[in-house]
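Letter by letter, the chains look like this.
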Amino acid sequence: MKNIVVFGASGDTGRYFIEYFLNNYKGSEYKIIATGTRETAYFDKIGVEYCRVDISKKEDFNKLPTDVYAVVNLAGLMPARMKGYDPYKYIDINITGNLNILEYCRINKADRILFAQSFGDIKDHAEESLVLTADMPRKFSFTTDHTIYVMSKNFAVDMMENYYRMYGLKKFVFRLPTIYLWSPVDHYYVDGEIRKIGYRILIDKAIAGEDIEVWGDPSRKKDMVYVKDFCQMLYKAVFVDRESGYYNVGTGVGTTLLDQIKGMVEVFGDEKKSKLIMCPEKSNAPQYIMDITPAREELGYKPQYDYISMLKDFKAEMLKGPHN
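Residues numbered from 1 in each chain as written. Predicted model: local features only at pLDDT ≥ 70, side-chain atom pairs only at ≥ 80, totals over all residues. Heavy atoms only, no water.

Draft legend 1. Structural view of the overall build of the chain. The helix and strand tally for the chain stands at 9 helices and 17 strands. Taken against the 2.2 N^0.38 rule, which gives 20 Å for 324 residues, the C-alpha radius of gyration of the chain at 20 Å falls within 12% of a compact globule. Taken along its principal axes, the extent of the C-alpha atoms in the chain is 60 × 45 × 40 Å. Burial status across the chain gives 52% buried among its 324 residues. In the form shown here, the chain has an accessible surface area of approximately 15,300 Å², with 51% of it arising from carbon and sulfur atoms. The chain carries 44 positive and 45 negative side-chain charges, and their two centres are separated by 2 Å. (Helix = DSSP H or I, 4+ residues; strand = E, 2+ residues; numbered from the N terminus. Rg over C-alpha atoms; globule rule 2.2 N^0.38 Å. Buried < 20%, exposed > 50% of the residue type's maximum accessible area, 1.4 Å probe, protein only. Areas by Shrake-Rupley, 256 points an atom, 1.4 Å probe, with all protein chains shown as cover. Lys, Arg positive; Asp, Glu negative; His and termini not counted. Charge placed at Lys NZ, Arg CZ, Asp CG, Glu CD.)

Rendered as C-alpha coordinates:
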(Lines give C-alpha, C1' and ligand atoms only; values in the text may rest on other atoms or scores of the structure.)
Protein backbone atom coordinates (compact mmCIF):
# COMPACT_ATOMS: atom_id res chain seq x y z
CA MET A 1 0.00 0.00 0.00
CA LYS A 2 1.31 3.44 -0.93
CA ASN A 3 1.18 6.22 1.65
CA ILE A 4 0.03 9.80 1.14
CA VAL A 5 1.44 11.84 4.01
CA VAL A 6 -0.40 15.05 4.90
CA PHE A 7 1.61 17.58 6.90
CA GLY A 8 -0.48 20.14 8.77
CA ALA A 9 -3.41 17.72 8.96
CA SER A 10 -4.44 18.92 12.42
CA GLY A 11 -5.16 22.41 11.10
CA ASP A 12 -8.56 23.39 9.73
CA THR A 13 -7.67 23.02 6.04
CA GLY A 14 -5.82 19.77 6.70
CA ARG A 15 -8.83 18.21 8.39
CA TYR A 16 -11.11 19.20 5.55
CA PHE A 17 -8.69 17.63 3.06
CA ILE A 18 -8.48 14.37 5.03
CA GLU A 19 -12.27 14.17 5.06
CA TYR A 20 -12.46 15.01 1.36
CA PHE A 21 -9.99 12.25 0.52
CA LEU A 22 -11.83 9.68 2.60
CA ASN A 23 -15.15 10.64 1.00
CA ASN A 24 -13.84 10.46 -2.57
CA TYR A 25 -11.16 7.76 -2.72
CA LYS A 26 -12.76 4.33 -3.05
CA GLY A 27 -9.69 2.27 -3.91
CA SER A 28 -7.29 0.27 -1.77
CA GLU A 29 -3.90 1.14 -3.29
CA TYR A 30 -3.33 4.32 -1.29
CA LYS A 31 -3.46 5.05 2.43
CA ILE A 32 -3.52 8.50 3.98
CA ILE A 33 -1.31 9.37 6.96
CA ALA A 34 -2.05 12.53 8.96
CA THR A 35 0.63 14.53 10.76
CA GLY A 36 0.46 17.64 12.90
CA THR A 37 1.78 19.26 16.05
CA ARG A 38 -1.44 19.15 18.07
CA GLU A 39 -2.60 16.43 20.42
CA THR A 40 -5.93 15.19 19.08
CA ALA A 41 -8.13 12.10 19.16
CA TYR A 42 -10.00 13.20 16.03
CA PHE A 43 -8.11 11.00 13.58
CA ASP A 44 -8.57 7.89 15.71
CA LYS A 45 -12.31 8.48 15.46
CA ILE A 46 -12.25 8.52 11.66
CA GLY A 47 -9.79 5.64 11.31
CA VAL A 48 -6.75 7.60 10.07
CA GLU A 49 -3.24 7.06 11.40
CA TYR A 50 -1.90 10.22 13.04
CA CYS A 51 1.69 11.13 13.91
CA ARG A 52 2.71 14.16 15.93
CA VAL A 53 5.56 15.76 14.01
CA ASP A 54 7.35 19.08 14.46
CA ILE A 55 8.66 19.70 10.96
CA SER A 56 11.46 21.92 12.28
CA LYS A 57 12.95 18.85 14.04
CA LYS A 58 14.57 16.46 11.61
CA GLU A 59 14.49 13.57 14.11
CA ASP A 60 10.67 13.70 14.22
CA PHE A 61 10.54 12.41 10.65
CA ASN A 62 11.74 9.01 11.92
CA LYS A 63 8.16 8.49 13.15
CA LEU A 64 6.84 8.49 9.59
CA PRO A 65 6.58 5.66 7.03
CA THR A 66 9.27 5.21 4.40
CA ASP A 67 6.97 3.94 1.64
CA VAL A 68 5.76 7.31 0.38
CA TYR A 69 3.89 8.05 -2.82
CA ALA A 70 2.94 11.68 -2.20
CA VAL A 71 3.32 14.43 0.36
CA VAL A 72 0.63 17.08 0.82
CA ASN A 73 2.31 19.95 2.65
CA LEU A 74 -0.22 22.18 4.41
CA ALA A 75 2.07 22.88 7.35
CA GLY A 76 3.49 26.29 8.02
CA LEU A 77 3.40 29.36 10.20
CA MET A 78 1.44 32.42 9.08
CA PRO A 79 0.94 35.93 10.52
CA ALA A 80 -2.71 35.17 11.28
CA ARG A 81 -1.56 32.58 13.83
CA MET A 82 1.35 34.51 15.36
CA LYS A 83 0.85 36.34 18.65
CA GLY A 84 3.34 39.18 18.65
CA TYR A 85 6.09 39.15 16.03
CA ASP A 86 8.97 36.68 15.93
CA PRO A 87 10.39 36.40 12.37
CA TYR A 88 12.77 33.63 13.44
CA LYS A 89 9.78 31.30 13.64
CA TYR A 90 9.10 31.81 9.92
CA ILE A 91 12.65 30.68 9.19
CA ASP A 92 12.44 27.68 11.53
CA ILE A 93 9.08 26.42 10.26
CA ASN A 94 8.61 27.69 6.71
CA ILE A 95 12.20 27.28 5.53
CA THR A 96 13.99 24.73 7.73
CA GLY A 97 10.78 22.76 8.22
CA ASN A 98 10.03 22.66 4.50
CA LEU A 99 13.61 21.66 3.74
CA ASN A 100 13.16 18.75 6.16
CA ILE A 101 9.99 17.75 4.31
CA LEU A 102 11.78 17.88 0.95
CA GLU A 103 14.58 15.75 2.33
CA TYR A 104 12.01 13.28 3.64
CA CYS A 105 10.59 13.11 0.10
CA ARG A 106 14.02 12.66 -1.47
CA ILE A 107 15.28 10.01 0.94
CA ASN A 108 12.10 7.96 0.63
CA LYS A 109 11.74 8.46 -3.13
CA ALA A 110 8.33 10.13 -3.01
CA ASP A 111 6.76 10.66 -6.42
CA ARG A 112 5.43 14.17 -5.75
CA ILE A 113 4.87 16.98 -3.29
CA LEU A 114 1.96 19.43 -3.07
CA PHE A 115 2.54 22.76 -1.33
CA ALA A 116 0.28 25.55 -0.05
CA GLN A 117 1.77 28.90 -1.03
CA SER A 118 0.43 32.32 0.01
CA PHE A 119 -0.95 34.72 -2.58
CA GLY A 120 0.90 37.41 -0.64
CA ASP A 121 3.64 37.18 -3.28
CA ILE A 122 1.37 38.73 -5.95
CA LYS A 123 -1.62 40.32 -4.21
CA ASP A 124 -0.19 43.83 -4.54
CA HIS A 125 -0.97 43.59 -8.26
CA ALA A 126 -4.70 43.56 -7.48
CA GLU A 127 -5.27 47.32 -7.32
CA GLU A 128 -3.99 47.67 -10.89
CA SER A 129 -5.06 44.27 -12.23
CA LEU A 130 -8.17 42.80 -10.60
CA VAL A 131 -7.53 39.34 -12.08
CA LEU A 132 -4.41 37.68 -10.66
CA THR A 133 -2.76 35.13 -12.95
CA ALA A 134 -0.56 32.23 -11.90
CA ASP A 135 2.44 33.51 -13.87
CA MET A 136 2.52 37.06 -12.49
CA PRO A 137 5.92 38.25 -11.22
CA ARG A 138 6.25 38.60 -7.49
CA LYS A 139 5.13 41.93 -6.07
CA PHE A 140 4.89 42.47 -2.32
CA SER A 141 5.84 45.02 0.31
CA PHE A 142 9.19 44.91 2.07
CA THR A 143 7.97 47.10 4.93
CA THR A 144 5.38 45.05 6.88
CA ASP A 145 5.25 42.31 9.48
CA HIS A 146 4.17 39.99 6.61
CA THR A 147 7.37 40.49 4.62
CA ILE A 148 9.51 37.73 6.16
CA TYR A 149 6.52 35.40 6.03
CA VAL A 150 6.00 35.99 2.29
CA MET A 151 9.73 35.65 1.64
CA SER A 152 9.85 32.37 3.59
CA LYS A 153 7.01 30.91 1.51
CA ASN A 154 8.66 32.11 -1.70
CA PHE A 155 11.92 30.45 -0.69
CA ALA A 156 10.08 27.20 0.03
CA VAL A 157 8.71 27.30 -3.53
CA ASP A 158 12.23 27.91 -4.85
CA MET A 159 13.53 24.94 -2.85
CA MET A 160 10.87 22.77 -4.47
CA GLU A 161 12.12 23.88 -7.87
CA ASN A 162 15.63 22.82 -6.86
CA TYR A 163 14.46 19.36 -5.73
CA TYR A 164 12.42 18.97 -8.91
CA ARG A 165 15.38 19.74 -11.13
CA MET A 166 18.01 17.86 -9.12
CA TYR A 167 16.05 14.82 -7.97
CA GLY A 168 12.95 14.67 -10.18
CA LEU A 169 10.52 15.26 -7.30
CA LYS A 170 7.28 16.29 -8.98
CA LYS A 171 5.97 19.57 -7.61
CA PHE A 172 2.55 21.17 -7.44
CA VAL A 173 2.18 24.62 -5.89
CA PHE A 174 -1.17 26.10 -4.85
CA ARG A 175 -1.34 29.84 -4.30
CA LEU A 176 -3.96 30.54 -1.62
CA PRO A 177 -5.97 33.69 -1.00
CA THR A 178 -8.40 33.65 1.93
CA ILE A 179 -9.92 30.15 2.07
CA TYR A 180 -13.41 30.31 3.53
CA LEU A 181 -14.36 27.59 5.99
CA TRP A 182 -16.15 27.03 9.25
CA SER A 183 -13.93 26.54 12.28
CA PRO A 184 -14.54 26.75 16.02
CA VAL A 185 -11.63 29.22 16.03
CA ASP A 186 -13.07 32.60 15.01
CA HIS A 187 -10.08 34.85 15.64
CA TYR A 188 -6.70 35.58 14.13
CA TYR A 189 -3.81 37.99 14.64
CA VAL A 190 -3.19 41.31 12.89
CA ASP A 191 0.22 42.86 13.58
CA GLY A 192 0.52 40.34 16.40
CA GLU A 193 -2.70 41.46 18.10
CA ILE A 194 -5.75 39.21 18.40
CA ARG A 195 -8.79 40.14 16.33
CA LYS A 196 -12.03 38.42 15.32
CA ILE A 197 -12.17 37.24 11.71
CA GLY A 198 -14.02 39.82 9.62
CA TYR A 199 -16.44 37.50 7.89
CA ARG A 200 -17.26 35.79 11.20
CA ILE A 201 -18.24 39.19 12.63
CA LEU A 202 -20.59 39.72 9.68
CA ILE A 203 -22.09 36.24 9.97
CA ASP A 204 -22.65 36.69 13.72
CA LYS A 205 -24.39 40.01 13.06
CA ALA A 206 -26.57 38.37 10.39
CA ILE A 207 -27.54 35.59 12.81
CA ALA A 208 -28.45 38.15 15.46
CA GLY A 209 -30.31 40.39 12.99
CA GLU A 210 -28.08 43.34 13.90
CA ASP A 211 -27.33 46.28 11.61
CA ILE A 212 -24.34 45.70 9.32
CA GLU A 213 -22.13 48.46 7.97
CA VAL A 214 -20.97 48.17 4.35
CA TRP A 215 -17.60 49.90 4.25
CA GLY A 216 -16.08 51.76 1.32
CA ASP A 217 -16.93 50.92 -2.28
CA PRO A 218 -19.60 48.17 -2.19
CA SER A 219 -18.86 47.16 -5.80
CA ARG A 220 -15.33 45.90 -5.12
CA LYS A 221 -15.11 42.20 -5.94
CA LYS A 222 -13.36 39.31 -4.24
CA ASP A 223 -12.93 35.67 -5.18
CA MET A 224 -14.77 33.74 -2.46
CA VAL A 225 -13.31 30.23 -2.62
CA TYR A 226 -14.57 27.48 -0.32
CA VAL A 227 -12.25 25.04 1.40
CA LYS A 228 -13.93 22.04 -0.26
CA ASP A 229 -13.09 23.38 -3.72
CA PHE A 230 -9.49 23.79 -2.62
CA CYS A 231 -9.57 20.18 -1.42
CA GLN A 232 -10.84 19.14 -4.86
CA MET A 233 -7.78 20.77 -6.45
CA LEU A 234 -5.41 19.00 -4.06
CA TYR A 235 -7.11 15.66 -4.58
CA LYS A 236 -6.83 15.92 -8.36
CA ALA A 237 -3.15 16.90 -8.14
CA VAL A 238 -2.36 13.85 -6.01
CA PHE A 239 -3.21 11.60 -8.96
CA VAL A 240 -2.73 13.75 -12.07
CA ASP A 241 -0.27 12.48 -14.69
CA ARG A 242 1.99 15.54 -14.78
CA GLU A 243 5.47 16.56 -13.69
CA SER A 244 4.55 19.89 -12.11
CA GLY A 245 1.97 22.64 -11.83
CA TYR A 246 1.50 26.13 -10.38
CA TYR A 247 -2.11 26.96 -9.59
CA ASN A 248 -4.12 29.85 -8.25
CA VAL A 249 -6.76 28.65 -5.81
CA GLY A 250 -10.12 30.26 -6.47
CA THR A 251 -13.35 30.16 -8.41
CA GLY A 252 -12.45 32.62 -11.16
CA VAL A 253 -15.52 34.66 -10.18
CA GLY A 254 -15.70 37.89 -8.18
CA THR A 255 -18.46 38.62 -5.68
CA THR A 256 -19.05 42.25 -4.76
CA LEU A 257 -18.84 43.29 -1.13
CA LEU A 258 -22.53 44.21 -1.21
CA ASP A 259 -23.50 40.78 -2.55
CA GLN A 260 -21.25 39.11 0.02
CA ILE A 261 -23.10 40.78 2.88
CA LYS A 262 -26.53 40.31 1.32
CA GLY A 263 -25.75 36.61 0.97
CA MET A 264 -24.81 36.32 4.64
CA VAL A 265 -28.05 38.01 5.65
CA GLU A 266 -30.04 35.72 3.35
CA VAL A 267 -28.42 32.45 4.51
CA PHE A 268 -27.74 33.13 8.20
CA GLY A 269 -30.46 35.64 9.04
CA ASP A 270 -33.60 34.49 10.83
CA GLU A 271 -36.94 36.30 10.95
CA LYS A 272 -35.26 39.59 11.83
CA LYS A 273 -33.07 40.48 8.87
CA SER A 274 -30.09 42.79 9.31
CA LYS A 275 -30.35 46.32 7.97
CA LEU A 276 -27.45 47.37 5.75
CA ILE A 277 -25.90 50.76 6.44
CA MET A 278 -23.74 52.16 3.65
CA CYS A 279 -20.50 53.75 4.87
CA PRO A 280 -18.64 54.96 1.75
CA GLU A 281 -16.33 57.13 3.86
CA LYS A 282 -14.74 54.10 5.50
CA SER A 283 -11.85 52.03 4.16
CA ASN A 284 -12.24 49.75 1.14
CA ALA A 285 -12.19 45.97 1.35
CA PRO A 286 -9.47 44.10 -0.59
CA GLN A 287 -10.26 43.14 -4.18
CA TYR A 288 -8.99 40.30 -6.37
CA ILE A 289 -10.13 37.49 -8.66
CA MET A 290 -7.93 34.42 -9.05
CA ASP A 291 -7.40 33.21 -12.61
CA ILE A 292 -7.85 29.43 -12.42
CA THR A 293 -7.25 28.59 -16.08
CA PRO A 294 -4.19 26.35 -15.43
CA ALA A 295 -6.10 24.36 -12.79
CA ARG A 296 -9.05 23.89 -15.13
CA GLU A 297 -6.89 22.81 -18.07
CA GLU A 298 -4.27 20.70 -16.26
CA LEU A 299 -6.21 19.22 -13.33
CA GLY A 300 -9.75 19.20 -14.68
CA TYR A 301 -10.76 21.38 -11.74
CA LYS A 302 -14.37 22.59 -11.72
CA PRO A 303 -15.51 24.71 -8.77
CA GLN A 304 -18.54 23.12 -7.15
CA TYR A 305 -19.57 25.99 -4.88
CA ASP A 306 -20.84 29.37 -5.94
CA TYR A 307 -21.06 32.00 -3.21
CA ILE A 308 -24.53 31.16 -1.89
CA SER A 309 -23.99 27.38 -1.96
CA MET A 310 -20.71 27.96 -0.10
CA LEU A 311 -22.55 29.85 2.64
CA LYS A 312 -25.20 27.15 2.89
CA ASP A 313 -22.58 24.43 3.28
CA PHE A 314 -20.67 26.61 5.73
CA LYS A 315 -23.86 26.85 7.81
CA ALA A 316 -24.34 23.08 7.66
CA GLU A 317 -20.78 22.55 8.89
CA MET A 318 -21.35 25.07 11.66
CA LEU A 319 -24.48 23.24 12.83
CA LYS A 320 -22.58 19.93 12.87
CA GLY A 321 -20.22 21.39 15.46
CA PRO A 322 -16.44 21.34 15.83
CA HIS A 323 -14.02 18.63 14.86
CA ASN A 324 -12.94 16.92 18.06
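Draft legend 2. Molecular detail of the nonpolar core. The biggest cluster of nonpolar side chains holds 64 residues, and the ones touching the most others in it are Phe-17, Val-72 and Phe-174. Looking at this core, the element that brings in the most residues is helix α6 (residues 227-239), giving 8 residues. Other than its neighbours up to four places away in sequence, Phe-174 contacts Leu-114, Phe-115, Ala-116, Gln-117, Phe-230, Met-233, Leu-234, Ala-237, Tyr-247, Val-249 and Leu-299. Residues Val-5, Phe-7, Cys-51 and Val-157 belong to the second largest nonpolar core, which totals 26 residues. (Core = buried A, V, L, I, M, F, W, Y, C linked by side-chain atoms within 4.5 Å. Contact = heavy atoms within 4.5 Å.)

Draft legend 3. Inspection of the environment of Gln-287 at higher detail. Along the chain, Gln-287 falls in the loop between β16 (276-279) and β17 (289-290). In sequence terms Gln-287 and Val-131 are 156 residues apart; their C-alpha atoms lie 9.2 Å from each other. Every residue in contact with Gln-287, bar those within four places of it in the chain, is listed here: Ala-126, Glu-127, Leu-130, Arg-220 and Lys-221.

Draft legend 4. Fine view of the sheet that holds strand β1 (residues 2-7). Pairing is parallel in the open sheet, where 7 strands are placed in the order β3-β2-β1-β4-β5-β7-β14. Both outer strands of the open sheet, β3 (49-52) and β14 (244-248), are each paired with one neighbouring strand and no more. Here the strands of the sheet are splayed against their neighbours by 15° on average, with no regard to which way each runs. Running over the sheet, helix α3 (residues 87-107) touches β1, β4 (68-73) and β5 (112-118) and is turned about 165° from β4. (Pairing = 2+ DSSP bridges. Axes fitted to C-alpha atoms, helices over the stretch in contact; angles between N-to-C directions.)

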